[in-house]
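Chain by chain, the residues:
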Amino acid sequence: MVLAELGQRISRALGSLNSVTVVDEAVLDACLKEIATALLQADVNVRLVANLRNNVKKRVNMEQLASGLNKQKVIEKAVFDELCAMLDGGDPKKTEIKKGKTNVVMFVGLQGAGKTTTCTKYAYLWKKKGFKPAMVCADTFRAGAFDQLKQNATKAQIPFYGSYTETDPAIIAQQGVERFKKEGRDLIIVDTSGRHKQEEALFEEMRQVASAVNPNHVIFVMDGSIGQAAFDQAKAFHESVDVGQVIITKLDGHAKGGGALSAVAATKSPITFIGTGEHMHEFEPFETQKFVGRLLGKGDWGGFIDKVKDVIPEEEQQQELIDKISKGEFTLRIMYEQFANIMKMGPMGQVMSMIPGFSNAIMQPGSEKESQAKIKRYMTIMDSMTDKELDSSSTKMLGEHSRIMRWARGSGSSVQDVVLLLEEYKRLAKVFSTAMKGMKLPKNLKGDINPRNMQQNIAQMSRMLPPHMLKMMGGPAAIQSLLKQMEGKF
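Quick caveat, the model's predicted, so the values are computed rather than measured.

This brings us to the packing of aromatic side chains. Each pair of aromatic rings is reported with the distance of its centres and the angle of its planes. All chains considered together, the criterion is met by 9 aromatic pairs. Measuring from centroid to centroid gives 5.3 Å for Trp-126 and Phe-131, while their planes differ by 80°, and the two rings are edge-to-face. For the pair shown, Trp-126 and Phe-131 are each scored as buried. Among the aromatic residues, those joined into a ring-pair cluster are Phe-107, Tyr-122, Trp-126, Phe-131, Phe-273 and Phe-283. The ring of Trp-126 is capped by Lys-129, whose NZ or CZ atom sits 4.8 Å from the centre of that ring. Note that Lys-150 overlies the ring of Phe-146, its terminal NZ or CZ placed 5.4 Å from the centroid.

Here the focus is helix α4 (residues 71–87). Between its terminal C-alpha atoms α4 stretches 25 Å, which fits the 24 Å expected from 17 residues at 1.5 Å a residue. Counting buried residues along α4, 12 of its 17 residues qualify, which places the element largely inside the surrounding structure. Buried residues of α4: Gln-72, Ile-75, Glu-76, Ala-78, Val-79, Phe-80, Asp-81, Glu-82, Leu-83, Cys-84, Met-86 and Leu-87, and no others.

Turning our eyes to something else, we now look at the packing of helix α7 (residues 169–182) against helix α8 (residues 200–213). The geometry of α7 relative to α8 is characterised by a closest axis approach of 8 Å and an angle of 25° between their N-to-C directions. In terms of their interaxial angle, α7 and α8 are classed as roughly parallel. Here α7 and α8 pass one another in a crossing that is right-handed. Together, Pro-169, Ala-170, Ala-173, Gln-174 and Val-177 of α7 and Glu-205, Gln-208, Val-209, Ala-212 and Val-213 of α8 make up the contact between the two elements. Of the residues in the contact of α7 with α8, the class split is 7 nonpolar, 2 polar and 1 charged.

Cut-off values and rules
- Residues numbered from 1 in each chain as written.
- Predicted model: local features only at pLDDT ≥ 70, side-chain atom pairs only at ≥ 80, totals over all residues.
- Heavy atoms only, no water.
- Phe/Tyr/Trp six-rings, centres within 6.5 Å; stacked < 30°, edge-to-face > 60°.
- Buried < 20%, exposed > 50% of the residue type's maximum accessible area, 1.4 Å probe, protein only.
- Lys NZ or Arg CZ within 6 Å of the ring centre and 35° of its normal.
- Helix = DSSP H or I, 4+ residues; strand = E, 2+ residues; numbered from the N terminus.
- Expected span 1.5 Å × (residues − 1).
- Axes fitted to C-alpha atoms, helices over the stretch in contact; angles between N-to-C directions.
- Parallel < 35°, antiparallel > 145°, perpendicular 65-115°, else oblique.
- Left-handed = near helix turned anticlockwise from the far one by under 90°.
- Contact = heavy atoms within 4.5 Å.
- Nonpolar A, V, L, I, M, F, W, Y, C, P; charged D, E, K, R; others polar.

Read these as layout, nothing more, since geometry by itself doesn't imply function.
This is the structure we're talking about:
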């Protein structure tokens, strides 16, 4: 996403501190000037940038810093904390959806902000967490609004309610909420009308719908491309209805995203989710420290583990998979399943940004789509194989010319693509079997790893990774942090 460019510029400014022999006041000023320029170009308000700069200088007093302290680390920490303070809009815990009761959530916002799409993403996210969502279309102002919601809800397999004849949005909202309450739905999402601008008619309609359904939460959806103009918009909505949280959309394609995030936070409205694309999975929770950490290339191991946790199989299947790999039985079926899991995790750039030291800069423009297209191509080739071929680990059998020709014809691929798939399979089989043979994991996958085995696993993973990659991740200490976070997670 475009915000990654802002992160790279701030990271470069902080990285420049490494190239100087002595970090003094002049070096700090030059670094802060570069950071301020990057923030201003991302449309962050001048006043907020000036505050950040002054606060960092107050915290990093060069004359008072002890001689033994690492000044670069102190500056990095100060910049990190001030960025977090700039983007912190309040406590999002008050906005949590509760299990065991009916939660009515009303979405409000201007036209074109992506409200209806965001409603579906929101419903889909909670559906994956075990809730039973339903959607109500109370937008009678925009032509085709109900059709769009119906199409999105059908795709996500979520029940919906709306009307082509009723023109009063409050009545539609009330009828839909009552119906889904009777059906035992625990998350009812009401999508309301938008307007081209903030006008009294919109606010009056919002108040009528809110009075009819008595929502537990009101979510304001805002277009991230408007930059710092978001401040006035968020403030106006906040004063008209009881907005409890904000979702910012379209952060994947506009340079003003930083301005929108900081402007909304300035109104003290908690930002709970951000939209990073049009697809269902391009929607993620917003946690200030984790977001800033990823922005600056520090990663988010917790988020990475949660992503992995969403796609890993049940415990019995995990154990079976590990047993097979440790015995050297890495088959094409296992590779197919892992490819399917990678595709479920969402955009590769987003996943990569969760690993410390990695950023979207590593995924060159166009390479993410290219990589995903290659995985899909490989999966199509494997779809044309028999069960015996998928479950075999015999490279001799898999390398037979007649089979390669049949797979190419059956999948509509070239022979070269099939050969490349087999080469990738051999490479991964070697990597997995080598890694697993040296690893010491608890038998039930839930027990803690004892310290001796922990050190052995760290050493094994360190040897397995290329030196430059290990350095980017933060060295063996980062791997130890990952293993500790993994304990008990699965």
